[in-house]
Amino acid sequence: MATTDVELAIDGMTCASCAARIERKLNKLDGVTATVNYATEKARVTLPEGVDPAVLVEQVEAAGYRAALPAPPDAEVADEPAQDPIRPLRQRLVGSVVLSVPVIAMAMIPALQFTYWQWISLTLAAPVLVWAAWPFHRAAWQNLRHGAATMDTLISMGTLAAFAWSVYALLWGTAGEPGMTHPFELTIERMSGEANIYLEVAAGVTTFILAGRYFEARSKRRAGAALRALLELGAKDVAVLREGREERIPVEALTVGDRFVVRPGEKIATDGVIEDGNSAVDASMLTGESVPVEVGPGDAVVGATVNAGGRLVVRATRIGADTQLAQMAKLVEDAQTGKAKVQRLADRISAVFVPIVIALAVGTLTFWLGAGGSAAAAFTAAVAVLIIACPCALGLATPTALLVGTGRGAQLGILIKGPEVLESTRRVDTVVLDKTGTVTAGQMSLVDVAVAEGVSREEALSLAGALENASEHPIARAVVTAARAEVGDLPAVENFTNVEGLGVQGIVDGHAVLVGRTALLDEWSHHLPADLATAKADAEGQGRTAVAVGWDGAARAVLVVADTVRPTSARAVALLREQGLTPVLLTGDNEAAARSVAAEVGIDEVIAEVLPKDKVDVVRRLQSEGRVVAMVGDGVNDAAALAAADLGLAMGTGTDVAIEASDLTLVRGDLTAAVDAIRLSRRTLRTIKGNLFWAFAYNVAALPLAAAGLLNPMIAGAAMAFSSVFVVSNSLRLRGFRSVA
């Protein structure tokens, strides 16, 4: 049966159980297979051809959530600037703060309790409870329909109980009488609840929780940013050959079989085969190979790679969704959708805590009625249990720790994308390190010079550097940089010639100089002597690039160029081991180069010569072995693996795509930042857990007072204030985190 894939945008989910609920609902449809991701708020659905995708939207809405089919590409781009997903949340937060501050102040400061202050409090608190807290009430209702309890249930239940009891006390009790005040005392004595209002608890809890949700939403990763960044890597227009002349057209108008021109420095527009010209193509961001690849007629080239040398004429073989770049975008998307679902710690606690609180409230009501107490006293005690069970600090527990942790991380060059990444850091036991640009610097440099007898290093560098100075090849730039550093100003070149695919030749200071492959020197009968041949073989045995230099009729030097290891990489690997992590080197480079680098930094496990899709497979294979995998990379070729890993860490010196696909970004471009990132993330997670414990502990401690009918508004307010102050103070301790660097 033929099938089609549809991606739905889901709105209204508040926890991972919501995602599971929608998934079950969609999978009940005949022939439909669905995966719902809470973190990205998307559903990937496979359905039989001929089935109207609108049925999927109806099914999601029947479950109590909202869904939207993907908009046409043009409409999506046009609408995007106007979209601000956190704007409604920000509006609710601002309104809630403005209205709640006077309510809390009047309730906690007797001097502000003027005549009829309680009615002003009711007027200010009502919009907070009805409008600002509406998302919590809606989510609680959805959860109730499905027999589930989350943090939203706890918030909604507690705030509504506090507000409803306050309205009752004002209208039918004695709290609405002129001159009513809340004495500033924490006395524990049984009292009539009809004289008490808890509007500050209702308004304050709503405001604190909204503040927490807003800060969290700001730090949450925007789903799909990695894919947009990937697709933006491609060329925007292309010079197509039509009837012997060049015509500039948008790359979308390109068709299979079209012949197009790629000049030096330009991106190759799409996958194709070279028909004319020779050059070096820099494919490092797609393949991870640090050395540009020499290409000529008949060789295949990949879209978005850069032509580093001569003019090329390419015939397009794949366009649009069939290109390697588009397939990599799909890899990233699949990896993100398949990531483990995240459920808030607070939701997991609430799922247990809420039923206990409700049972305790019902038990309190039953006990007092059975003990012969008045209905008013029994209901007072039962409602007090619901009120005190709603901890405002719960909303601050995660975002305050995250704010302080991310702030400290930013100072240290570490950007944490959101709270969902933190749980993974505690369980990580394997860290996969990309070689090029992560363990190594990602650019070619001169590492050795071997010279024949009677030839000085300075002379070899001066002549080779001067000749290479006229070339744009990345290896040539490495030689020139080293030559200038050691020799200084380079002599002028005459009769410079670029021999396609072999090297360069010219006249420098009266010497006829050749620099390039040994095949170029062999054409001029400049054969390498035994010692230089050995040096060349040794270099190539370590995965390095050897460049032969000859002048005045003989081969006289071999320059060894390689991607060098970062100075801090070896120490970083040792520190990762101290954290209990097993390092693995993963690269698209050749086996010899990978082994050489691994030995230098102290890594035992090496996986080399892998394509981008194979990197994802390696990560998933390690995960299937029971390992929890962190991936550190920097290139486009790492993006899908970063998204697939349990924890993705991108070097900030790398591509935007890798950064967008990762969970943590290491701005410093230094591998020791990965150690700091894991340490800081683990410390932040411990702080969040501590915050959640104390957010509940203060309120749980007051539950017996509420059940005994001894709760007064000051105790409720004090529990709210103390728990919030403690959570914020505990989070601020993260500012003392120190880097290992």
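Here, residues in each chain are numbered from 1, in the same order as that chain's written sequence. Per-residue local features are limited, in this predicted model, to residues with pLDDT of at least 70; the limit for side-chain atom pairs, both in listing and counting, is 80 or more; totals at the level of whole chains, interfaces and linings are taken over all residues. Side-chain figures throughout are based on the complete set of non-hydrogen atoms in the structure, without hydrogens or water.

Just checking my understanding: could you explain the overall build of the chain for this structure?
By definition, any uninterrupted DSSP run of H or I lasting at least four residues is a helix, any uninterrupted run of E lasting at least two residues is a strand, and each is numbered from the N terminus. A tally of regular secondary structure across the chain gives 27 helices and 26 strands. For each residue, the accessible area found with a 1.4 Å probe, counting protein chains only, is set against the maximum for its type, and the residue is called buried under 20%, exposed over 50%, and partly exposed in between. The burial tally for the chain puts 54% of its 741 residues in the buried class. We call two residues contacting when some pair of their heavy atoms lies within 4.5 Å. The contacts in the chain between residues at least 6 apart in sequence include a share of 71% that link residues at least 24 apart. To be clear on the numbers: accessible area is Shrake-Rupley with a 1.4 Å probe, and residue cover counts the displayed protein chains and nothing else. Surface summary for the chain: the accessible area is close to 30600 Å², and the carbon and sulfur share equals 57%.

Sorry, what's going on with the sheet that holds strand β9 (residues 279–282) here?
The pairing of strands in a sheet comes from backbone hydrogen bonds and takes either a parallel or an antiparallel form. What makes two strands pair is DSSP finding at least two bridges between them. Spatially, three strands are ordered β10-β9-β12 in an open sheet, and the strand pairing comes out antiparallel. Each end of this open sheet is capped by a strand with a single partner; those strands are β10 (293–295) and β12 (306–307).

Mind showing me how you'd approach the pairing of strand β24 (residues 629–633) here?
Look at any regular strand and the pattern is simple: side chains alternate between the two faces of the sheet. Here β24 lies mainly inside the structure; five of its five residues are buried. Of the two faces of β24, the one carrying V629, M631 and G633 and the one carrying A630 and V632 are both buried. In terms of strand pairing, strand β15 (residues 430–434) meets β24 through four bridges, oriented parallel. Bridging from a neighbouring strand, T430 pairs with V629 of β24. In terms of strand pairing, β24 meets strand β25 (residues 647–651) through four bridges, oriented parallel. Across the sheet, M631 pairs through a bridge with G648, a residue of β25.

What is the right way to look at helix α17 (residues 457–468) in this model?
Helical geometry note: an α-helix holds 3.6 residues per turn, so side chains three or four residues apart project in the same direction. With 12 residues, α17 extends 16 Å from end C-alpha to end C-alpha; this agrees with the ideal 16 Å at 1.5 Å per step. Taken across its 12 residues, α17 has nine buried, putting it largely inside the fold. Listed in full, the buried residues belonging to α17 are A460, L461, S462, L463, A464, G465, A466, L467 and E468. Expected span of a helix: the number of residues minus one, times 1.5 Å.

Please clarify how unusual backbone geometry should be interpreted in this entry.
One can expect most non-glycine residues to show negative phi and most peptide bonds to be in trans. A positive phi angle, near 50°, is found at D552, a position not held by glycine. Turning to its location among the elements, D552 is positioned in the loop between β20 (545–551) and β21 (554–565). Residue E609 is not a glycine yet carries a positive backbone phi of 55°. Within the secondary structure, E609 sits in the loop between β23 (605–607) and α23 (612–624).

Honestly, the side chain of K615 in this entry has me stumped. Any pointers?
Mapped onto the elements, K615 comes out in helix α23. Among the polar contacts made by the side chain of K615, one reaches the side chain of D434 at a distance of 3.1 Å. Excluding residues that lie within four positions of it along the chain, K615 makes contacts with D434, L586, T587, G588, V610, N637, D638 and A641. Within 3.5 Å is the distance limit for a polar contact, defined as a pair of N or O atoms, with the added protein rule that one can donate a hydrogen and the other accept it, and that residues adjacent in sequence qualify only through two side-chain atoms.

Just to check I follow, could you spell out the pattern of salt bridges for this structure?
Proximity of charged atoms lets side chains of opposite charge pair with each other. Note on definitions: salt bridges are taken to be side-chain nitrogens of Lys or Arg within 4 Å of carboxyl oxygens of Asp or Glu. If you walk through the whole model with that rule in mind, you get 21 salt bridges. In this structure, D604 and R577 form a salt bridge, with 3.6 Å as the shortest nitrogen-oxygen distance. Here R577 lies in helix α21 (residues 569–578) and D604 lies in the loop between α22 (591–601) and β23, a separation of 27 residues in the sequence. The exposure class assigned to R577 is partly exposed, which follows from its relative accessible area of 35%. One network of salt bridges, in which partners are shared, links E605, R621, E625 and R627.

How do you make sense of the nonpolar core when you look at a structure like this?
Here is a general trend for soluble globular proteins: nonpolar side chains tend to be buried in one another's company. Take the buried residues of types Ala, Val, Leu, Ile, Met, Phe, Trp, Tyr and Cys, join any two whose side-chain atoms come within 4.5 Å, and each joined set is a nonpolar core. I197, L199, V357, V385 and I387 are the most contacted members of the largest nonpolar core, which has 55 residues in total. Of all the elements in the fold, those that place two or more residues in this core are α4 (87–108), α5 (117–132), α7 (151–171), α8 (199–219), α12 (345–370), α13 (375–388) and α26 (672–707). The element contributing the most residues to this core is α7, with 10 residues. When neighbours within four sequence positions are excluded, L199 is seen to be in contact with V103, Q118, S121, L122, A125, F163, S166 and L170. In this structure, L402, L433, I688 and F737 belong to the second largest nonpolar core, which totals 48 residues.

Quick question: what am I supposed to make of the side chain of D638 here?
Inspection of the secondary structure puts D638 in the loop between β24 and α24 (639–644). Of the polar contacts made by the side chain of D638, one reaches the side chain of K615; its length is 2.7 Å. In this structure, D638 is in contact with D434, K615, M631 and G633, ignoring residues within four places of it in sequence.

Would you take a moment to explain the environment of T534 for this structure?
Within the secondary structure layout, T534 lies in helix α20 (residues 530–541). Classification of T534 by relative accessible area gives partly exposed; the value is 44%. Within the local environment of T534, its side chain forms a polar contact with the backbone oxygen of A530, the two atoms lying 2.9 Å apart.

What exactly am I supposed to notice about the UniProt feature "transmembrane region" (unreviewed entry) in the chain here?
The UniProt record marks residues 93–110, 116–134, 154–175, 195–215, 349–369, 375–398, 691–708 and 714–732 with the feature "transmembrane region" (unreviewed entry), using the residue numbering of this structure. In this annotation, residues 154–175 is assigned 82% helix and 0% strand; the end-to-end C-alpha distance for the span is 26 Å. UniProt positions are given in the numbering used here, feature names are shortened, and annotations may be inferred rather than shown by experiment.

Looking at this structure, I do not really get the packing of α13 against α26. What am I missing?
Two numbers describe a pair of packed helices, the interaxial angle and the distance between the axes. Two elements in contact, α13 and α26, have axes separated by 8 Å at closest approach and are oriented at 170°. The angle between α13 and α26 places the two elements in the roughly antiparallel class. Contacts between α13 and α26 involve A381, A384, V385 and I388 from the former and N699, A702, L703, A706 and A707 from the latter. For this scheme, ten residues count as nonpolar: Ala, Val, Leu, Ile, Met, Phe, Trp, Tyr, Cys and Pro. Four count as charged, namely Asp, Glu, Lys and Arg, and the remainder, Gly too, count as polar. Along the lines of polarity and charge, the residues of the contact of α13 with α26 split into eight nonpolar, one polar and no charged. Angular values range over 0 to 180 degrees, each being the angle between N-to-C directions of two axes fitted as lines to C-alpha atoms, with helices fitted over their stretch in contact. For classification purposes, an angle smaller than 35 degrees is called roughly parallel, one larger than 145 roughly antiparallel, one from 65 to 115 roughly perpendicular, and anything else oblique.

What is the right way to look at the sheet that holds strand β1 (residues 3–11) in this model?
In spatial order, the strands read β2-β3-β1-β4; together these four strands make up an open sheet with antiparallel pairing. In this open sheet, the two edge strands, each paired with only one partner strand, are β2 (33–37) and β4 (66–68). Mean inter-strand twist for the sheet, computed between neighbouring axes without regard to direction, equals 25°. In this structure, β2 lies alongside strand β3 (residues 42–48), joined through five bridges in antiparallel fashion. Bridge pairing links N37 to K42 in β3.

Explanation requested: the confidence of the model for the chain in the structure shown.
Any region with low pLDDT has predicted coordinates that should not be read closely. Per-residue confidence for the chain gives a mean pLDDT of 81; residues scoring 70 or more make up 84%. What pLDDT conveys is the predictor's confidence in a given residue, as a value from 0 to 100. Low pLDDT, under 50, characterises residues 73–82; the predicted model gives this stretch three contacts beyond four residues in sequence or across chains.

For this particular structure, what's the right way to read the packing of α4 against α5?
Direction vectors running N to C along α4 and α5 enclose 155°, while the axes themselves pass 9 Å from each other. The orientation of α4 relative to α5 falls into the category roughly antiparallel. For the pair α4 and α5, the sense of crossing is left-handed. Residue-level contacts link Q91, R92, G95, S96, L99, S100, P102, V103, M106 and A107 of α4 to W117, I120, S121, L124, A125, P127, V128, W131 and A132 of α5. Tallied by class, the residues present in the contact of α4 with α5 amount to 13 nonpolar, five polar and one charged. A crossing counts as left-handed when the near helix is turned anticlockwise from the far one by less than a right angle, and as right-handed when that turn is clockwise.

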